[in-house]
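Topology and contacts: notes
Spelled out from the first residue to the last, the chains are:
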Amino acid sequence: MTPAVTFAAVTRRFGAGPAAVRAVDRVDLTVPEGAFFAMLGPSGSGKTTCLRLISGFEKPDEGAVRIFGQDVSGTPPHLRNVNTVFQDYALFPHLNVRDNVAYGLMVRGMARRPRHERAEAMLALVKLAGYGDRRPAQLSGGQRQRVALARALVGEPRVLLLDEPLGALDLKLREAMQDELRALQRRLGITFVLVTHDQGEALSMADRLAVFNEGRIAQVGTPAEIYDRPRTRFVADFVGSSNVLPPSVTQALGGPPRWASLRPEALRLTPPGGAVLAGAVTAVRYLGSASRVQVAVPGAELGVMVPAGEAVPEPGSTHGLAFDPAALHLMEEA
Amino acid sequence: MTAAILPARGLGDRLTAVFWRRPRLLLGLLLGPPLLWLGVVYLGSLAALLVQSVFAIDEFSGLVVYEPTLKTYAELARPANLDIILRTLVMAAAVTLACAVVAFPIALCAARHATGRWKAVFYLGVMLPLWSSYLVKVYAWKLILAKEGIVTWAAEGIGAGPILNLVLSLPGIGGNSLSTSYIGTFLVFVYVWLPFMILPMQAALERVPASMIEASADLGATRGQTFRTVVLPLALPGVVAGSIFTFSLTMGDYIIPQIVGTSARFIGLAVYQLQGTAGNLPLAAAFAVVPIAIMVVYLAVARRMGAFDAL
């Protein structure tokens, strides 16, 4: 099966001469067909530039971008069968919702009636039936988001690109939309490529994700792979609320002198006597279903999850730490 | 421990406190003088002039008869006066159209591509002509367009003399030379009012987010489709604002047609002559109503066409 999108040693530089910045630095990437693929990274890591390389709003300086096997280097955005949900939604304020959704069909020459029917069907799919006559300005943020989604999907693109689509929504709506997007992707079978800086979003929605750092991909894998076995310190730091252990602490825990990660859920508080690691509680954060307790041990500060219902320690009290040795993950790179 | 309320440091603190308690006071103080100026001095005198139009002049004594009548408006319908109105209207429309066509690429370039230093160069380039006297510019154009001027000289130099002569021989708008033809008047109008079209257009285009143009291309639109269906509708309020400037400025101007062009009269010139030498204030006032009426109709049409929907 041809992958939906491939990057072969793609570089994109901004600026000129010695001051040039490699926003995307020799990136190799494969997005399988039908995947919900997330590109995760902090701002400036190159993930959005990668998305724009797929949509055609950026051109690679080196390397090749292929969509379903076809090199798109010379193909302008309007001829790529790829649609984007923009971060600010970019709905046309002078058109009503129906005409916004039907825009892609209109510019491709579909007659008014069939394109309005298709737009209405799409609006129904995103649960906005009956909103066709409204202007974008009369909609809430979540509704605009759905219109943008309907507009991007109505032309049945081979790949749907989503640029931080949920960034402007409040938490509850965001979680609901995450589920809906996931369900929609499964139902339509279209390849989704999502750009986000929110690791929770990437982990919960995607079935594959790439973690970006400084224009390069730090790791590609399934959410579980990335979360449980981060390849680098950066990935562990960025993706998880995971503890990153310097070599000295790994050694104290009985491992080799290498950087390692240890999930907070895999640590338990014990009485201080006789523990391999012990330290004072520096902070306690209540998370609802659990409390995250920060314990300062020699060489590191570790987060420990204390499930709700168990006794939460006082800040300043000293505790020992026990852990599940199988959960200790050694990283390949520092 | 400091007190919960800090001591006032002086008049500024106390005044700010007063304005905080009475927000409308500051608004009133700021708006009062200009509204007084605009409302009483400007609109008042304009109204006083326009009221004159419902009076008429006594043909024997030459004195204004202060009895409401529509006689003066009927006079506007005389062929000679209708000619003036039509000539002005056509000129204003042509100037506005030409300004819009010339200004659009400039405004688009400034709004989309110019940043930092280039933006400053753009503003300077657009505004610079406004710094010199209007009369100087018009007389300069008279020389440029004169038979012995640089345009004729250059046209002959590159062998385009026959083309120029062909243009000048066009019936109705041609003439002896560019500076004595309607074409000359038109060119000078376009030059003089162009900044008033560029600036609002640029402001409107700048407000069109880049992502909207990208969204259009993303959905499959060509550049032409994006221009027609996204850029133009969104920039239309700016285009209309600019056209209000160029249209009304052309309709009211009485200097350019006097200096460059045929000596045929335009509305501005007619008003100027009627209220001055002729002493026919009612007819001058009636003429002054014409551009106002045209602008009202123009704005109503623009509104109906949805020019302000994107505001």
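Quick notes on the rules
Residues numbered from 1 in each chain as written. Chains lettered and ligands numbered in written order. Predicted model: local features only at pLDDT ≥ 70, side-chain atom pairs only at ≥ 80, totals over all residues. Helix = DSSP H or I, 4+ residues; strand = E, 2+ residues; numbered from the N terminus. Buried ≥ 20, exposed ≤ 12 C-beta atoms within 10 Å, placed from the backbone. Contact = placed C-beta atoms within 7 Å. Rg over C-alpha atoms; globule rule 2.2 N^0.38 Å. Domains from an automatic or database assignment. Pairing = 2+ DSSP bridges. Axes fitted to C-alpha atoms, helices over the stretch in contact; angles between N-to-C directions. Core = buried A, V, L, I, M, F, W, Y, C linked by C-beta atoms within 7 Å. Expected span 1.5 Å × (residues − 1). Bend = angle between axes of the 7 residues up to and from the residue.

Once that is clear, we can look at the overall build of chain A. A tally of regular secondary structure across chain A gives nine helices and 18 strands. Its C-alpha atoms put chain A at 80 × 45 × 40 Å along the principal axes. Expressed as a percentage of the 334 residues in chain A, the buried residues total 42%. Once local pairs closer than 6 in sequence are excluded, the contacts in chain A between residues at least 24 apart make up 62%.

A few words on the overall build of chain B. If you tally the helices and strands in chain B, you get 14 helices and two strands. Its C-alpha atoms give chain B a radius of gyration of 25 Å, more than 25% over the compact-globule value 19 Å for 311 residues. Each principal axis of the C-alpha atoms in chain B carries an extent, and together these give about 90 × 60 × 40 Å. Burial analysis of chain B (311 residues in total) assigns 31% to the buried set. For chain B, restricting intrachain contacts to residue pairs at least 6 apart in sequence, the fraction spanning at least 24 positions comes to 70%.

Moving on to the domain arrangement of chain A. Each assigned domain of chain A is listed with its residue range as follows: domain 1 (5-236) and domain 2 (246-330). Just the C-alpha atoms count here: the centres of domain 1 of chain A and domain 2 of chain A sit 38 Å apart.

The next thing to look at is the interface of chain B and chain A. By convention, interface size is frequently given as the accessible area that disappears when the constituent parts associate. Contact residues are listed per partner, giving 17 residues for chain B and 18 residues for chain A. If you list the elements that add at least two residues to the side of chain B that touches chain A, you get α10 (210-218) and α11 (223-252) of chain B. Tallying contributions element by element places α10 of chain B first for the side of chain B that touches chain A, with six residues.

Our focus in this paragraph is the sheet that holds strand β15 (residues 290-297) of chain A. Residues and elements named next belong to chain A. Pairing within the open sheet is antiparallel, and its five strands lie in the order β13-β17-β14-β15-β16. If you trace the sheet from one side to the other, it starts and ends with β13 (267-270) and β16 (300-307), each paired once. Along the sheet, successive strands turn relative to each other by an average axial angle of 45°, direction set aside. Across four bridges, β13 lies against strand β17 (residues 318-323) in antiparallel orientation. Within β17, the position partnered with R268 by the bridge is A322.

With that out of the way, let us pick up the pairing of strand β1 (residues 5-14) of chain A. Residues and elements named next belong to chain A. As paired elements, β1 and strand β4 (residues 62-67) share five bridges and run antiparallel to each other. What sits directly across from T6, in β4, is R66. The sheet contact formed by β1 and strand β2 (residues 21-31) spans seven bridges and is antiparallel. Within β2, the residue paired with V5 across the bridge is V31. Hairpin connection from β1 to β2: six residues lie between these consecutive antiparallel strands, with G15 at a positive phi of about 85°.

Let us now look at the environment of L287 of chain A. All names here are of chain A. Tracing the backbone through its elements, the reader meets L287 in the loop between β14 (277-286) and β15. Residue classification places L287 among the exposed positions, given that 11 C-beta atoms sit within 10 Å. Distance in space between the C-alpha atoms of L287 and L194 is 27 Å, their sequence separation being 93 residues.

Here the focus is the sheet that holds β1 of chain A. Residue and element names in this part refer to chain A. In spatial order, the strands read β2-β1-β4-β5; together these four strands make up an open sheet with antiparallel pairing. Each of the sheet's edge strands pairs with one partner strand only, and the pair in question is β2 and β5 (70-71). Each of β1, β2 and β4 touches helix α1 (residues 47-55); the most contacted strand, β2, lies at about 65° to it.

Right, let's get into the pairing of strand β7 (residues 159-163) of chain A. Residues and elements named next belong to chain A. A large share of β7 lies buried, amounting to five of its five residues. Burial of the side chains of β7 extends over both faces: V159, L161 and D163 are buried on one face and L160 and L162 on the other. In terms of strand pairing, strand β6 (residues 82-85) meets β7 through four bridges, oriented parallel. Within β7, the position partnered with V85 by the bridge is L162. As defined by bridge partners, β7 adjoins strand β8 (residues 191-196) across five bridges and the pair is classed as parallel. Note on β8: the bridge partner recorded for L162 is L194.

Time to look at the nonpolar core. Ranked by internal contacts, the top residues of the largest apolar core, which has 157 residues, are I54, V193 and V211 of chain A. With 17 residues, helix α9 (residues 182-206) of chain B is the largest single contributor of residues to this core. Both domain 1 (5-236) and domain 2 (246-330) of chain A contribute no fewer than three residues apiece to this core. Setting aside chain neighbours within four positions, we find V193 of chain A in contact with V5, V31, F37, M39, L51, I54, V159, L161 and L162 of chain A.

Here the focus is unusual backbone geometry. Residues and elements named next belong to chain A. One non-glycine residue, A9, adopts positive backbone phi at about 45°. With 12 C-beta atoms counted inside 10 Å, the residue A9 sits in the exposed group. For A90, which is not a glycine, the phi torsion comes out positive at approximately 50°. Within the secondary structure, A90 is located in the loop between β6 and α2 (97-107).

Looking now at helix α4 (residues 79-112) of chain B. Residue and element names in this part refer to chain B. Taking 1.5 Å per residue, 34 residues should reach 50 Å; α4 reaches 48 Å between its end C-alpha atoms and fits that length. Roughly 35° is the biggest bend found in α4, and it falls at A103, with proline P105 one to four residues downstream. Every buried residue of α4 is accounted for by I84, T88, M91, A92, V95, T96, C99, A103, F104, A107, A110 and A111. Contacts from the buried residues of α4 go to α5 (117-131), α9, α11 and α13 (267-275).

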